[in-house]
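Listed here are the chains, written in short residue letters.
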Protein chains: 2
Amino acid sequence: MNIQLEIPQWLLASLQELPKAIDDVQARVQMILDLARLNLKHETGGPFAAGVFEKQTGKIVAIGVNLVVATHCSSAHAEIVAISLAQQQLRSYDLGGAGMPHHQLVVNAQPCAMCVGAIHWSGLRSVIFAATREQVEKLTGFDEGPVHPNWRKELERRGIEVESGILENEACQAFREFSSSGGLVYNSRATGS
Amino acid sequence: MNIQLEIPQWLLASLQELPKAIDDVQARVQMILDLARLNLKHETGGPFAAGVFEKQTGKIVAIGVNLVVATHCSSAHAEIVAISLAQQQLRSYDLGGAGMPHHQLVVNAQPCAMCVGAIHWSGLRSVIFAATREQVEKLTGFDEGPVHPNWRKELERRGIEVESGILENEACQAFREFSSSGGLVYNSRATGS
């Protein structure tokens, strides 16, 4: 009896077709936005994707998408999938350990309450996201949970840089399309679903 | 390439020896405290354990322990392991879905920032914990991350009850022993390790 999160075939295939590294930061975000759209298209999960990169070289260490429904696991957010794949591949729970390069997380949306905490524990040194929490909640109806009101400062004082605003409009457009296509929104009892 | 979290043999064996259900709430907490100690004794992870119970019947749905180091996965906290095992067993990402009984999480310590968020998404209807965050941080040196200052109210307004204070001293004593035995404390860069 183990916990197993199966990575979709299309994502594994994508990984083969992607370049080994992406130099430009905006191009990294664009790649993640494309994966979020593909996750919806392939009906393997919610409209969220994330990638772990080596900040300096742009090397793609791991990519993840939201797999909550398919894997029967509410913790299988894109960020946690990408971080876990990176850590298991590097055989370390700490992406910031001795001898590690600066590992950067790129996400199409601001991390939820759980994922902010997951970033705290991960050893990541920086996070880049596109759409804000307010945009995600307004456009989709997801309740992103009790995120600390000063979460950016809280991460930054722990040595984790946070950057946002890259391709925000493109990210929002995908959420609009998700919503108008009747995408599944799962929330805790008090807030819907 | 999947994410796999291997559950230790001793935990699977424990599950066979435990009763099917535990009626008394304090006895549920005691069982979780015992598992947290066993996780240290077997050197399979940090001093944390959690269980998902059916609140009314006391049925043990799933038990989890901290597996961060052993599984190379910083998200493999006891709560996430227990919640994920319960969800995969019930084949649903939502422990509070239609037709589900009230599912209760019992933990030996206050959930960290990540686990508060994980509880939000899980469908759990209540949480019981023993030691507080302040006690854990003081006694062990772990940095529990950016927990929302009003996390209890934030969960409660989402329909998730929070209860604490049961066997708090016993839980703290185990953290003292963990600390004095030189247990491994892993934190983000700015705060140590």
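For the structure, check the block above.
Here's a quick rundown of the structure. Everything quoted here is computed from the prediction, not taken from an experiment. (Residues numbered from 1 in each chain as written. Chains lettered and ligands numbered in written order. Predicted model: local features only at pLDDT ≥ 70, side-chain atom pairs only at ≥ 80, totals over all residues. Heavy atoms only, no water.)

What follows covers the overall build of chain A. On a plain count of helices and strands, chain A comes out with seven helices and six strands. Taking 193 residues into account, the globule formula puts the C-alpha radius of gyration at 16 Å, and chain A, at 15 Å, falls close to it. Across its three principal directions, the C-alpha atoms of chain A cover 45 × 40 × 40 Å. For chain A, the proportion of its 193 residues judged to be buried stands at 62%. Within chain A, residue pairs in contact and separated by at least 24 positions form 66% of the contacts whose partners lie at least 6 positions apart. Accessible area for chain A stands at about 7500 Å²; split by element, carbon and sulfur atoms hold 48% of it. If you average the places of the 16 positive and of the 20 negative side-chain charges in chain A, the two averages end up 4 Å apart. (Helix = DSSP H or I, 4+ residues; strand = E, 2+ residues; numbered from the N terminus. Rg over C-alpha atoms; globule rule 2.2 N^0.38 Å. Buried < 20%, exposed > 50% of the residue type's maximum accessible area, 1.4 Å probe, protein only. Contact = heavy atoms within 4.5 Å. Areas by Shrake-Rupley, 256 points an atom, 1.4 Å probe, with all protein chains shown as cover. Lys, Arg positive; Asp, Glu negative; His and termini not counted. Charge placed at Lys NZ, Arg CZ, Asp CG, Glu CD.)

What relates the pair of chain copies is a rotation about an axis plus a shift along that axis. Expressed as a screw operation, the relation of chain A to chain B combines 0.0 Å of axial shift with a rotation of 180°, fitting to an RMSD of 0.0 Å. The superposition of one copy onto the other is thereby described by a two-fold rotation axis. Most of the interface of chain A is mirrored in chain B, where 100% of its interface residues are also at the interface. (Least-squares fit on C-alpha atoms with pLDDT ≥ 70 in both.)

Our focus in this paragraph is helix α3 (residues 78-90) of chain B. The end-to-end C-alpha distance of α3 of chain B is 18 Å, a good match for the 18 Å that 13 residues give at a rise of 1.5 Å each. By the criterion of burial, α3 of chain B is predominantly enclosed, with eleven of the 13 residues buried. Restricting attention to buried positions, one finds in α3 of chain B the residues A78, E79, I80, V81, A82, I83, S84, L85, A86, Q87 and Q88 of chain B. Buried residues along α3 of chain B sit in contact with β1 (3-5) of chain A together with β2 (49-54), β3 (60-65), β4 (103-109) and α4 (113-122) of chain B. (Expected span 1.5 Å × (residues − 1).)

It is worth spelling out the side chain of E154 of chain A at this point. Along the polypeptide, E154 of chain A turns up in helix α6 (residues 151-156). Sequence-distant contacts of E154 of chain A, defined by excluding residues within four places in its chain, comprise H148 of chain A together with P146 of chain B.

Before going further, it helps to spend a moment on unusual backbone geometry. Even without being a glycine, E43 of chain A presents a positive backbone phi close to 55°. Relative to the helices and strands, E43 of chain A is located in the loop between α2 (25-41) and β2 (49-54). The residue R91 of chain B is not glycine, and still its phi comes out positive at about 55°. On the secondary structure map, R91 of chain B appears in the loop between α3 and β4.

As a further point, take the interface of chain A and chain B. Contacts between the two partners involve 61 residues from chain A and, on the opposite side, 61 residues from chain B. Roughly 5400 Å² of surface becomes buried between chain A and chain B when both sides are summed, with 60% attributable to carbon and sulfur atoms. Broken down residue by residue, the surface that chain A buries against chain B is led by I3, Y93 and W121 of chain A, which jointly contribute 17%. Seen at the junction of chain A and chain B, the total is 18 residue pairs in polar contact (both at pLDDT 80 or more). Of all the secondary-structure elements, those providing two or more residues to the side of chain A that touches chain B are β1, α1 (9-17), α3 (78-90) and α4 (113-122) of chain A. With eight residues, the top contributor of residues to the side of chain A that touches chain B is α4 of chain A. The residue inventory of the side of chain A that touches chain B, partitioned by class, reads 27 nonpolar, 23 polar and eleven charged. When β1 of chain A meets strand β1 (residues 3-5) of chain B, the two strands line up antiparallel, connected through three bridges. Within β1 of chain B, the residue paired with Q4 of chain A across the bridge is Q4 of chain B. (Buried area = accessible area lost by both parts, 1.4 Å probe. Polar contact = N/O pair within 3.5 Å; in protein donor to acceptor, adjacent residues only side chain to side chain. Nonpolar A, V, L, I, M, F, W, Y, C, P; charged D, E, K, R; others polar. Pairing = 2+ DSSP bridges.)

This brings us to the sheet that holds strand β4 (residues 103-109) of chain A. Strands pair in a sheet through their backbones, by hydrogen bonds, and they do so in one of two ways: parallel or antiparallel. Residue and element names in this part refer to chain A. Taken in spatial order, the five strands of this open sheet run β3-β2-β4-β5-β6, and their pairing is mixed. Each edge of the sheet is formed by a strand with only one pairing partner; in this case those strands are β3 (60-65) and β6 (161-164). Within the sheet, the average angular offset between the axes of one strand and its neighbour, ignoring direction, is 15°. Packing of α3 onto the sheet brings it into contact with β2, β3 and β4, and relative to β3 it is tilted by some 145°. Contacting β4 and β5 (126-131), helix α7 (residues 168-180) crosses the sheet at an angle of about 60° to β5. (Axes fitted to C-alpha atoms, helices over the stretch in contact; angles between N-to-C directions.)

Okay, the packing of helix α5 (residues 133-140) of chain B against helix α7 (residues 168-180) of chain B next. All names here are of chain B. At a minimum axis distance of 9 Å, the contact between α5 and α7 shows a crossing angle of 25°. On the basis of the axis angle, α5 is roughly parallel to α7. The interaxial crossing formed by α5 with α7 has right-handed handedness. Across the interface between the two elements, Q135, V136, L139 and T140 from α5 touch E168, C172, F175, R176, F178 and S179 from α7. (Parallel < 35°, antiparallel > 145°, perpendicular 65-115°, else oblique. Left-handed = near helix turned anticlockwise from the far one by under 90°.)

This part takes up the packing of aromatic side chains. Working definition: an aromatic ring pair is given by the centre-to-centre distance plus the angle between the planes. All told, the structure shown has 13 aromatic pairs over all chains when counted by the stated rule. Taking the centre distance of 6.3 Å and the plane angle of 65° together, the rings of F142 of chain A and W121 of chain B count as edge-to-face. Of this pair, F142 of chain A sits in the loop between α5 (133-140) and α6 while W121 of chain B sits in helix α4, each in a different chain. Taken as a pair, F142 of chain A and W121 of chain B share a single burial class, namely buried. For the ring pair F142 of chain B and F178 of chain B, a centre distance of 6.1 Å and an interplane angle of 10° mean the geometry is stacked. Of this pair, F142 of chain B sits in the loop between α5 and α6 (151-156) while F178 of chain B sits in helix α7, placing them 36 residues apart in sequence. (Phe/Tyr/Trp six-rings, centres within 6.5 Å; stacked < 30°, edge-to-face > 60°.)

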